[in-house]
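Summary of structural features
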Amino acid sequence: MLKHILTSLTGGPVTEPAPAPADPALAELAGKLDKAAKARLGRSLSIREVDAGSCNGCELEIHALNNPIYDLERFGIRFVASPRHADVLLVTGPVAHNMREALVRTWDATPDPKWVVACGDCAVGGGLFTGGYACVGPVEEVLPVDLRIPGCPPRPVDLLAGLLALLETSAAT
Amino acid sequence: MYGEEPLFGLLNRIGTPVEGHRPWPRYRLGRDGWLRLIEELKGNAWSLLGLWGEVRAVHAAFREDFSGDVAVVSLDCPQGRFPSLSAVRPAANRLERAAHDLYGLTAERTTDPRPWLDHDSWGVRRPLSEQPAAPVPNPGPYTFLPVEGDGLHQIPVGPVHAGIIEPGHFRFTANGETVVRLEERLGYVHRGVEGLMQGRPVAEAAKLAARISGDATVAHSLAFARAVEAALGIAVPDRAVWLRALMAELERIANHLGDIGAICNDAAFAFMLAQTSQLRERVLRTADSCFGHRLMMDRVIPGGVAVDLPERGTGLLLDLVVELRRRFPPLVAIYDGKASLQDRTVTTGIVSAELVNRFGAGGHVGRASGRDQDARRSPGYAPYDELAFEVPVLTEGDVNARVWVRIREVEQSLSLIEQIVARLPAISRGLDHPSVPIEAGRGGEGMALVESFRGEIMTWVRLDGEGTVARCHPRDPSWFQWPLLEAAIGGNIVADFPLCNKSFNCSYAGHDL
């Protein structure tokens, strides 16, 4: 283990440079955040992830954001355990009816100002699950959505670019 | 009576074989035959492989583990009722409750009649039955099992959990720090996969199969594809068979690496997750370079595979094997040598051999408790019959044993990748990627057993005359593992639940469908 620590100290970081904030995301967010919200957030975002019916593919890639290669925390973005500590709800899945109430209650428990990010094709547009008896459809049918990150699942760099856009927009004065 | 009657012996006596069910037979039983089967199940060790409903019929699949014989039995239930298997096969209970919630089939004399997938929020009851019913007005709360005793308190957890994980509800009853009982309530991520598959062309249903459980997307796609190919009697190109195994082994390694790190992380040993998550990322990037998708979603399709391995692919894969062989063993040595970590994993969350056998639990959960079962070996499927690999089995049944089974499986899968790359057949002349078309206009019934990283997947499919899916039931291994998690945590402290849960890593989405 000592050897691993020494290698980490001398070998330089394995973390890769950040992607540029996603342009479509920046465009989507422009004008959505008011000054007061920006002032309160600074350059830090706390995210609560909510699986509202995902196949867990999105979760796997969101997990990858925490690995040393993508290292999300270097930007001041971190995942928190409670919606009460969160600025952002990162929602995946085509909102299963069985999860709808839990999703709304999680949103209610999140303090203002708050943003909702729809992550993955299911959360953005309902995906393959549109039209069934068991799913509501896109997240925006349940909650106001501020940012959409498509993909099945989105790659970690796409997630990173989207979240950085949120951070940039919220930090710009 | 000594010994047990062979599976086919009994079924030939009490049932009528149904034509066109491949590769194993299906028998139609009468009600008397079904009751006779239940009698017989009391005294034998046949494993339940699945139980699923249909409009006015119920099906169950069994395997005689010793001989490897597999059969499906069916009972017509025009009144919507069938005698429950739950008393003789407890793993059948949740499957029967699911069949009730989706098809309105009532299991008579069941051990537990409560709803399972239906949380009274769909706006309809028994949605897949002939006559869906209006929802119950003012539904009451779900009834948890009563727990009585001095000094007990309850801890409700979920459906939204603290980490980045799927939703489910856990109701702990604890005495101080010690868990007396855990009761699970699942179904929150029910997306109606089985209903959505019905009436879809095979290619569209395959996309749904790929999204049953994202972490096992290759295995579920493979199970669906093989069931369809069995139903239609299609032989896929050799190269596709080997590429499928390649993807399946990459998926197995990626998941085990992620989980080994995550288990250690739940014991507050974050170093391991930081290391294994880098290795996992390395596997996913290789998968991306070779097959164009990090999780290899939609790459296994009925008829073959959707993409061929690029020319540089074999080199990338061999580099990956070399790198993992260099970087993984030192981490295993650290896992094995850290007393504080071993203190958390050894003797934690023990599942008895008797329970894994009674529930027919597969994967690392079964193999860590002595159940020597792997679908790649028995019943077995190509190309594994031509490959050399061992199936690691331990008997301690604790978190540590489940970690070690996964470690050994990573090593075996690395060897399998090497063997597959060395023997990959060339692409057949005239194909631009290794697959054969699925012709519309033919029907049939097929079934497949495929070993995912989590355990054995059983997929059953019926294609109608137009070649669309009439009924498909994909049974994730989690169905038979979730109930054992309730047993594993008993007598442990609440703080060890994350460790136990992660060492199982059951799929919520795969179970809830």
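Residues numbered from 1 in each chain as written. Chains lettered and ligands numbered in written order. Predicted model: local features only at pLDDT ≥ 70, side-chain atom pairs only at ≥ 80, totals over all residues. Heavy atoms only, no water.

Going by what an unreviewed UniProt entry lists, chain B is known as Nickel-dependent hydrogenase large subunit and is assigned to Azospirillum isscasi.

Spelled out, the test is: UniProt positions are given in the numbering used here, feature names are shortened, and annotations may be inferred rather than shown by experiment.
Labelled according to an unreviewed UniProt entry, chain A appears under the name NADH-quinone oxidoreductase subunit NuoB, originating from Azospirillum isscasi. Per UniProt, the comment on chain A under Sequence similarities (unreviewed entry) is "Belongs to the complex I 20 kDa subunit family."

**Here's the deal with the sheet that holds strand β3 (residues 88–92) of chain A**
Residue and element names in this part refer to chain A. Which entries qualify depends on this criterion: If DSSP finds at least two bridges between two strands, the strands pair. Helix and strand definitions here come from DSSP, where helices need a minimum of 4 consecutive H or I residues and strands a minimum of 2 consecutive E residues; each element is numbered from the N-terminal end. To define axes, lines are fitted to C-alpha atoms, for helices over the stretch in contact only, and angles between the resulting N-to-C directions are given on a 0 to 180 degree scale.
Judged by pairing direction, the sheet is parallel, and its five strands sit side by side in the order β2-β1-β3-β4-β5 without closing on themselves. The open sheet has two edge strands, β2 (77–79) and β5 (147–149), and neither has a second partner. Each adjacent strand pair in this sheet contributes to an overall mean axis angle of 25°, direction not counted. Alignment of β3 against strand β4 (residues 115–119), held across five bridges, turns out to be parallel. Looking at β4, one finds that Thr-92 is bridged to Cys-119.

**Describing the pairing of β4 of chain A**
Residues and elements named next belong to chain A. Let me state the cut-off plainly: Categorising residues by exposure relies on relative accessible area from a 1.4 Å probe, with only protein chains included: less than 20% of the type maximum marks a residue as buried, more than 50% marks it as exposed, and the intermediate range marks it as partly exposed. Looking down the strands as they point away from the viewer, one classifies a crossover as right-handed if the path from the first strand across the helix to the second runs clockwise.
Extensive coverage of β4 is indicated by the burial of five of its five residues. Side chains Trp-115, Val-117 and Cys-119 project from β4 onto one buried face, and the interleaved Val-116 and Ala-118 project onto a second face that is buried too. Handedness of the β3-helix α5 (residues 97–109)-β4 crossover: right-handed. Note: β4 against β5, three bridges, orientation parallel. Its bridge partner lying in β5, Val-117 is registered against Leu-147.

**Some thoughts on the state of the cysteines**
Cysteine pairs can be linked by a disulfide, which is a covalent bond between their two sulfur atoms. Note the following rule: Disulfides are defined as cysteine sulfur pairs within 2.5 Å.
Enumeration over the complete set of coordinates arrives at zero disulfides over all chains. Take Cys-135 of chain A: it sits in no disulfide, and the sulfur closest to it among the cysteines is that of Cys-122 of chain A, at 8.0 Å. Of the cysteine sulfurs around Cys-500 of chain B, a residue in no disulfide, the closest is that of Cys-506 of chain B, at 11 Å. Assessed through its relative accessible area of 0%, Cys-500 of chain B is described here as buried.

**Description of the sheet that holds strand β11 (residues 178–185) of chain B**
Residues and elements named next belong to chain B. The sheet built from three strands is open, its strands ordered β9-β10-β11 with antiparallel pairing. Edge positions in the open sheet fall to β9 (152–157) and β11, since each of these has one partner strand only. Mean inter-strand twist for the sheet, computed between neighbouring axes without regard to direction, equals 20°. As paired strands, strand β10 (residues 169–175) and β11 are joined by seven bridges and run antiparallel to one another. Each residue of the ladder has a partner; that of Asn-175, found in β11, is Thr-178.

**Some remarks on the interface of chain B and chain A**
Put simply, an interface is often sized by how much accessible area is lost when its parts join up. As a reminder of what qualifies: Whether two residues are in contact is decided by their heavy atoms: any pair within 4.5 Å suffices. By buried area we mean the combined loss of accessible area, with a 1.4 Å probe, across both parts when two parts are placed together. Salt bridges are defined as contacts in which a side-chain nitrogen from Lys or Arg sits within 4 Å of a carboxyl oxygen from Asp or Glu. Side-chain atoms alone can form a polar contact between residues adjacent in sequence; in general such a contact is a pair of N or O atoms within 3.5 Å, and within protein one must be able to donate a hydrogen while the other accepts it.
Counting from both sides, the interface comprises 55 residues of chain B and, opposite them, 45 residues of chain A. Interface area, chain B with chain A, both sides summed: about 3,900 Å², of which 62% is carbon and sulfur. When residues of chain B are sorted by the area they lose upon contact with chain A, Val-160, Ile-164 and Arg-191 of chain B head the list and together hold 19% of the total. The interface formed by chain B and chain A holds three salt bridges in total. Connecting chain B to chain A are 22 residue pairs in polar contact (both at pLDDT 80 or more). Counting residues per element, the ones that place at least two in the side of chain B that touches chain A are α4 (193–197), α5 (202–209), α8 (270–291) and α9 (313–337) of chain B.

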